[in-house]
Amino acid sequence: MSTTITKAFILIEALAESHEPQSISDLVRRTEFTKSNIHFLLSALRENGYVEQDAATRRYFLTLKLWEMGTRVLGRLELRRIASPYLASLADTTSETVNLAILDHHEVLYLHKIDSPMPVQAYTPEGQRAPAYCTSTGKAMLAYQPAEQIRQIARMIERHTDRTVSNATELTNELRKIRNRGYSVNRGEWRSSVRGVAAPIMNGAGEVIAAVGVFGPAERLSARKLDQLAITVKITGSSISRALGYPG
């Protein structure tokens, strides 16, 4: 399997270095693979959307899928760089754990985290995923997504605690409230012992691309404390959005 994957990358690089679509013979010369190997690899790459074939010349060329993937990765790195000083300030102000997250299909993905200095803290490592519908950062982003995406996610709902939303109606109502107030609250919906509050982050086009959140142990984050944190978190989300070019 590893040999096949290596050959696929070599073939992709050969196509990327070509200034025009390539024939099977061209690719055999460039890679020194057999024709059968080239056919097999091209078939797999076409099936997954990385390669297309010109109907007239029968030559092959790369699609923009790799460029789109690279753009997303670059965007995440830029987002983290710009957001970092604001996250640090939020962590200093609240003394709670702060995180930066993005929405990846139906899940929230944590890009960056600053741990609380408190001896008791909630733990969520960078790179971890969680269901978007029952986390504060996830709901802060879901509230601004298309209705069809929300309906699809609602079909995946699984209750993790007795506070998790149980159906599409509950989720839709919750997201409407989040849009109205500009922030979301998690009152133990993913893990009963953890609570948090989050606000959306927008880019220059006004699109919600991420969320900033503060979370900690439920015994420390009372309803009153969450309301207080919400103001600071919302300001932080707005500050990062402006730094990204959002004019609102």
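Shown above is the structure to which this text applies.
What you see is a predicted model, and the numbers here were worked out from it, not measured in a lab. (Residues numbered from 1 in each chain as written. Predicted model: local features only at pLDDT ≥ 70, side-chain atom pairs only at ≥ 80, totals over all residues. Heavy atoms only, no water.)

Tell me about unusual backbone geometry, and please be specific about residues and values.
Of note in the backbone geometry, glutamate 32 takes a positive phi value of approximately 65 degrees without being a glycine. Structurally, glutamate 32 can be placed in the loop between α2 (24–31) and α3 (35–47). Owing to a relative accessible area of 72%, glutamate 32 belongs among the exposed residues under this scheme. (Helix = DSSP H or I, 4+ residues; strand = E, 2+ residues; numbered from the N terminus. Buried < 20%, exposed > 50% of the residue type's maximum accessible area, 1.4 Å probe, protein only.)

Just give me the short version of the nonpolar core, but keep the residues and values in it.
For soluble globular proteins, nonpolar side chains are generally found buried alongside one another. Counting 24 residues, the largest nonpolar core has Leu100, Val197 and Val212 as the members making the most contacts within it. Judged by nonpolar contacts, the second largest core, of 15 residues, contains Leu27, Phe33, Ile38 and Val51. (Core = buried A, V, L, I, M, F, W, Y, C linked by side-chain atoms within 4.5 Å.)

Give a description of the pairing of strand β6 (residues 184–187) that names residues and reports values.
Pairing of β6 with strand β7 (residues 194–202), which is carried by four bridges, proceeds in the antiparallel orientation. Across the sheet, the residue bridging to asparagine 186 is glycine 196, located in β7. Between β6 and β7, which pair antiparallel in sequence order, lie six residues; one of them, glycine 188, sits at a positive phi of approximately 80 degrees. (Pairing = 2+ DSSP bridges.)

Give a description of α3 that names residues and reports values.
The α-helix advances 3.6 residues per turn, and as a result positions three or four apart in sequence lie on the same side. Counted at 1.5 Å a residue, the expected span for α3 with its 13 residues is 18 Å, and the 18 Å between its end C-alpha atoms agrees. Inspection of α3 places Ile38, Leu41, Leu42 and Leu45 among the buried residues, and these make up the whole buried set. Each buried residue of α3 lies within a common arc of 100 degrees when the element is viewed along its axis, so the set occupies one face. In α3, the exposed positions angled more than 90 degrees off the buried face are occupied by Ser36, Phe40 and Glu47. (Expected span 1.5 Å × (residues − 1). Arc of directions from axis to C-beta.)

Kindly report on the pattern of salt bridges, identifying the contributing residues and their values.
A complete count under the given rule lists 11 salt bridges for this structure. Note that arginine 220 is salt-bridged to glutamate 96, the shortest N-O span being 2.7 Å. Within this pair, whereas arginine 220 is found in the loop between β8 (208–217) and α8 (223–243), its partner glutamate 96 is found in the loop between α4 (65–94) and β3 (97–104), the two being separated by 124 residues in sequence. With a relative accessible area of 24%, arginine 220 lands in the partly exposed category. Taken together, the shared-partner salt bridges in this structure form one network comprising Lys139, Glu174, Arg181 and Glu189. (Salt bridge = Lys/Arg side-chain N within 4 Å of Asp/Glu carboxyl O.)

So what about the sheet that holds strand β4 (residues 107–114)? Which residues, and what values?
Strand order in the open sheet formed by six strands is β5-β4-β3-β8-β7-β6, with antiparallel pairing between adjacent strands. Since the sheet does not close on itself, it has two edges, and those belong to β5 (129–131) and β6, each with one partner. Between one strand axis and the next, the sheet turns through 30 degrees on average, direction left out of account. Summarising the sheet, β4 and β5 pair through three bridges and their orientation is antiparallel. The residue bridging glutamate 107 from the neighbouring strand is proline 131, located in β5. (Axes fitted to C-alpha atoms, helices over the stretch in contact; angles between N-to-C directions.)

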